[in-house]
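Working through the structure, step by step
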Amino acid sequence: MALFDKVMKFIFKEEGGKSDDAGGTNFGISKKSNPDVDIDSLTKYEAEMIYLTRYWSKYNYEWIKPEAIAAVLMDMAVNMGPGNSHRVLQRALNLVYNSGLKVDGHIGINTMLEIDKLVVLDVDNLMRAMIGYRFIYYSRCKQFKLNKRGWLKRALKCGGTYV
């Protein structure tokens, strides 16, 4: 859990508190993605438990090695949604390692096998590709003009934190 705790410190620092973005957010938890959550009364601990169960454990990030990939995937999943995060990873694996993965947004056995190969390959190139694809994703968002400085800074900071 040490990595999860480290990632959560980064995410809480980036996400802050309450916001009207995405129909209301608190600690990065949006009402749109979590309609069952009372965003207004959400505590930091409750937000952390949502991240643990609905992101970290659900997508088996704790099993991904190297840990830098798991950490960046988690941050992207919080910021852009898990499916988009996973597509960024799959595109980066295809670009850097010619993996031939289907870009479907699901981390299945084939994606995990490609990630497992990274232990002996150059993780830095994969991280750079992930940052590049993250930038492309952001540039296509409606809110890009409003949020571009913060999003791009976050992507660079997150990638640099774990590499």
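Residues numbered from 1 in each chain as written. Predicted model: local features only at pLDDT ≥ 70, side-chain atom pairs only at ≥ 80, totals over all residues. Heavy atoms only, no water.

Structural notes on the confidence of the model for the protein chain
Taken over all residues, the pLDDT of the protein chain has a mean of 88, while the share at 70 or more is 92%. Predicted confidence in the protein chain is weakest over helix H7 (residues 144–162), with a mean pLDDT of 76, and strongest over helix H2 (residues 44–56), with 96. (pLDDT = per-residue confidence, 0-100. Helix = DSSP H or I, 4+ residues; strand = E, 2+ residues; numbered from the N terminus.)

Side note on the packing of helix H4 (residues 82–97) against helix H5 (residues 109–117)
Where H4 contacts H5, the axes come no closer than 11 Å and their chain directions differ by 55°. As judged from the angle between their axes, H4 and H5 are oblique. In this structure, H4 crosses over H5, and the sense of that crossing is left-handed. Residues Leu 89, Gln 90 and Leu 93 of H4 form the contact with H5, whose participating residues are Thr 111, Glu 114 and Ile 115. (Axes fitted to C-alpha atoms, helices over the stretch in contact; angles between N-to-C directions. Parallel < 35°, antiparallel > 145°, perpendicular 65-115°, else oblique. Left-handed = near helix turned anticlockwise from the far one by under 90°. Contact = heavy atoms within 4.5 Å.)

What about helix H1 (residues 2–15)?
In this model, H1 (14 residues) spans 20 Å end to end at C-alpha, consistent with the 20 Å of a helix rising 1.5 Å per residue. Of the residues trailing H1, Gly 16 is marked for its positive phi of about 70°. (Expected span 1.5 Å × (residues − 1).)

Focus on H4
Compared with the 22 Å implied by 1.5 Å per residue over 16 residues, the 22 Å span of H4 between its first and last C-alpha is a close match. The set of residues buried in H4 consists of Pro 82, Ser 85, His 86, Val 88, Leu 89, Gln 90, Ala 92, Leu 93, Asn 94 and Tyr 97. Contacts from the buried residues of H4 go to H2, helix H3 (67–80), H5 and helix H6 (123–139). Remark: Asn 98 follows H4 within two positions and exhibits a positive phi of approximately 50°. (Buried < 20%, exposed > 50% of the residue type's maximum accessible area, 1.4 Å probe, protein only.)

A few points about the packing of aromatic side chains
Tallying each qualifying case throughout the model produces seven aromatic pairs. Considering the side-chain rings of Phe 12 and Phe 27, the 5.7 Å spacing of their centres and the 75° angle between planes classify their relative orientation as edge-to-face. You can see Phe 12 sitting in helix H1 and its partner Phe 27 sitting in the loop between strand E1 (25–26) and strand E2 (29–30), a full 15 residues away along the chain. Taken together, the ring pairs in this structure connect Phe 4, Trp 56, Tyr 59 and Tyr 61 into an aromatic cluster. (Phe/Tyr/Trp six-rings, centres within 6.5 Å; stacked < 30°, edge-to-face > 60°.)

Overview of the packing of H3 against H6
The geometry of H3 relative to H6 is characterised by a closest axis approach of 11 Å and an angle of 5° between their N-to-C directions. Here H3 is positioned roughly parallel relative to H6, judged by the angle of their axes. Two secondary-structure elements touch here, H3 through Ala 68, Ile 69, Val 72, Asp 75, Met 76, Asn 79 and Met 80 and H6 through Val 123, Leu 126, Met 127, Met 130, Arg 134, Tyr 137 and Tyr 138. Classifying every residue of the contact of H3 with H6 gives 11 nonpolar, one polar and two charged. (Nonpolar A, V, L, I, M, F, W, Y, C, P; charged D, E, K, R; others polar.)

Notes on a positive patch on the surface
Judged by side-chain charge, Lys 145, Lys 148, Arg 149 and Lys 153 come together as a positively charged surface patch. Among the structural elements, Lys 148 can be located in helix H7. Take Lys 148: its relative accessible area is 40%, and that puts it in the partly exposed class. (Patch = residues over 30% accessible without salt bridge, like charges linked within 9 Å, V, L, I, M, F, W, Y side chains within 5 Å. Areas by Shrake-Rupley, 256 points an atom, 1.4 Å probe, with all protein chains shown as cover. Salt bridge = Lys/Arg side-chain N within 4 Å of Asp/Glu carboxyl O. Lys, Arg positive; Asp, Glu negative; His and termini not counted. Charge placed at Lys NZ, Arg CZ, Asp CG, Glu CD.)

Regarding the pattern of salt bridges
Enumeration over the complete set of coordinates arrives at five salt bridges. Residue Asp 75 is joined to Arg 154 by a salt bridge in which the shortest nitrogen-to-oxygen separation is 2.6 Å. Linking Asp 75 in helix H3 with Arg 154 in helix H7, this pair joins segments that are 79 residues apart in sequence. Arg 154 shares its class with Asp 75; the two are buried. Of the charged contacts in the structure, one is a salt bridge between Glu 114 and Lys 117, with a shortest N-O distance of 3.1 Å. Of this pair, Glu 114 and Lys 117 both sit in helix H5, three residues apart, which is roughly one turn of that helix. Overall, Glu 114 belongs to the buried group, its relative accessible area being 14%. According to the relative accessible area criterion, Lys 117 is partly exposed, its value standing at 43%. The structure contains a network of salt bridges with shared partners spanning Glu 15, Asp 75, Arg 134 and Arg 154.

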